[in-house]
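Fold and contact review
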Amino acid sequence: MPVELTWWGHATCTVEDSDIRVLTDPLFARRLAHLRRRRGAVPPPDAWRADVALVSHLHADHLHVPSLARLAPGTRLLVPRGVRRSVPGLRRLAHLKLTEVAPGDEVLVGDLRIRVVPARHDGRRLPIGRQRSPALGYVVEGEARTYFAGDTGLFDAMEKEVGPVDAALLPVGGWGPNLGPEHLDPGRAAEALARLAPRTAVPVHYGTYWPIGMDAVRPHEFHTPGDEFVRLSALRAPGVAVHRLGHGESVRVEVVR
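Residues numbered from 1 in each chain as written. Predicted model: local features only at pLDDT ≥ 70, side-chain atom pairs only at ≥ 80, totals over all residues. Heavy atoms only, no water.

For the protein, the name recorded in an unreviewed UniProt entry is Metallo-beta-lactamase domain-containing protein, with Streptomyces ambofaciens as its organism.

Written out as structure tokens, the structure is:
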């Protein structure tokens, strides 16, 4: 069966592998606090279908309780360890099969093995919160090995922790005019691509949400990260096929063993 990757916007993607649908960081909102969706329609109900959903960290644009509430009863949900303590609203989601995970864990879903890997990112729910949960990435292993980085900066052990992969869903931007060091911008994402050397990559986490009233503030940071990642990847990782998808578009992964 072919492996298909679909980008719905921000960090929300569907990975279809071995007849299993994996959904990453579900966010189905037109507005989130001070952010509004500036590009792409809100993902349709078809995007809500999943056998398992992966949450990378506790920030509200990645762990969005109202979006998780739309998942069908019985959907598996993998979340960072400690999330029940940090996000009480998850207690309302009794229809989901929630499992807390940490780097090094492995979870089987049908014929898929999902490996939990580290990320370099602040895992707290609130910037001033004392309660911490680890920020995570995931490697979905079936017909292909697909790395979903979540939100992360570069870290020294990235190649070792992630391991060989066929496809990478890499963040290349954010939702505001500035990015801190615990993020990948197009240049750092291209460096990560050179280190990981997958066959296929898709840039995510850009060009979707932007703060209300800031449309004219550094607008290139909203519009250009995908194209800049494509350009820099051609220089630093020329052997990788980079697909800059539009919202709701898909690409099939070529797997060669």
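1. Here we look at the packing of helix α4 (residues 186-196) against helix α6 (residues 225-236)
What counts is decided by this rule: Lines are fitted to the C-alpha atoms to define the axes, a helix being fitted only along its stretch in contact, and any angle between axes, read from their N-to-C directions, falls within 0 to 180 degrees. Secondary structure follows DSSP: runs of H or I at least 4 residues long count as helices, runs of E at least 2 residues long count as strands, and numbering of each begins at the N terminus. Note on terminology: angles under 35 degrees are roughly parallel, angles over 145 are roughly antiparallel, angles of 65 to 115 are roughly perpendicular, and the others are oblique. Left-handed is the label given to a crossing in which the near helix is rotated counterclockwise from the far helix by less than a right angle, and right-handed is the label when the rotation is clockwise. Contacts were defined at the residue level, with two residues in contact if any of their heavy atoms lie within 4.5 Å. Each residue receives one of three labels: charged for Asp, Glu, Lys and Arg, nonpolar for Ala, Val, Leu, Ile, Met, Phe, Trp, Tyr, Cys and Pro, and polar for the others, Gly being one of them.
Interaxial distance between α4 and α6 falls to 8 Å at its minimum, and their mutual angle equals 40°. With respect to α6, the axis of α4 lies oblique. Note on packing geometry: the crossing formed by α4 with α6 is right-handed. Across the interface between the two elements, Pro 186, Gly 187, Ala 189, Ala 190, Glu 191, Leu 193 and Ala 194 from α4 touch Pro 225, Glu 228, Phe 229, Leu 232, Ser 233 and Arg 236 from α6. Grouping the amino acids of the contact of α4 with α6 by side-chain chemistry returns eight nonpolar, two polar and three charged.

2. Some points on the pairing of strand β11 (residues 136-141)
Looking along a regular strand, one sees the side chains alternate between the two faces of the sheet. The following threshold applies: Burial here depends on accessible area, computed with a 1.4 Å probe over protein chains only, as a share of the maximum for the residue type. Under 20% is buried, over 50% is exposed, and the range in between is partly exposed. Two strands pair under a simple rule: DSSP has to find at least two bridges between them.
Burial runs high along β11: six of the six residues are buried. Residues Leu 136, Tyr 138 and Val 140 line one face of β11 and the alternating positions Gly 137, Val 139 and Glu 141 line the opposite face, and both faces are buried. As paired elements, strand β10 (residues 112-118) and β11 share six bridges and run antiparallel to each other. For Pro 118, the partnering residue across the bridge sits in β11 and is Leu 136. Here four bridges tie β11 to strand β12 (residues 145-148), and the two strands are oriented antiparallel to one another. Bridging from a neighbouring strand, Val 139 pairs with Tyr 147 of β12. Connecting β11 to the next strand, β12, in antiparallel fashion are three residues.

3. Concerning the sheet that holds strand β7 (residues 76-80)
Strand order in the open sheet formed by seven strands is β8-β7-β6-β3-β2-β1-β17, with mixed pairing between adjacent strands. Only two strands of the sheet have a single neighbouring strand rather than two, namely β8 (97-101) and β17 (249-253). Each adjacent strand pair in this sheet contributes to an overall mean axis angle of 20°, direction not counted. Across five bridges, the pairing between strand β1 (residues 3-9) and β17 is antiparallel. Residue pairing in the sheet places Trp 7 in a bridge with Glu 249 of β17.

4. Some words on α4
One full turn of an α-helix is made of 3.6 residues, so residues set three or four places apart face in the same direction. Among the residues of α4, those classed as buried are Pro 186, Gly 187, Ala 189, Ala 190, Ala 192, Leu 193 and Leu 196. Looking one or two residues beyond α4, the residue adopting positive phi is Ala 197, at roughly 50°.

5. Some details on the pattern of salt bridges
Rules: Salt bridges are identified by distance alone: a Lys or Arg side-chain nitrogen within 4 Å of an Asp or Glu carboxyl oxygen.
On inspection of all chains with the given rule, the structure shows 17 salt bridges. Asp 215 is the salt-bridge partner of Arg 36, the closest N and O atoms lying 2.6 Å from each other. One end of the pair, Arg 36, is in strand β5 (residues 35-37); the other, Asp 215, is in the loop between β15 (209-211) and α5 (220-223), and 179 residues separate them in sequence. For Asp 215, a relative accessible area of 32% corresponds to the partly exposed category. Among the salt bridges present, the one from Glu 221 reaches Arg 218, with a minimum N-O distance of 2.7 Å. For Arg 218, a relative accessible area of 38% gives the class partly exposed. Bridged by salt links that share partners, the residues Glu 106, Arg 113, Arg 115 and Glu 141 form one connected network.

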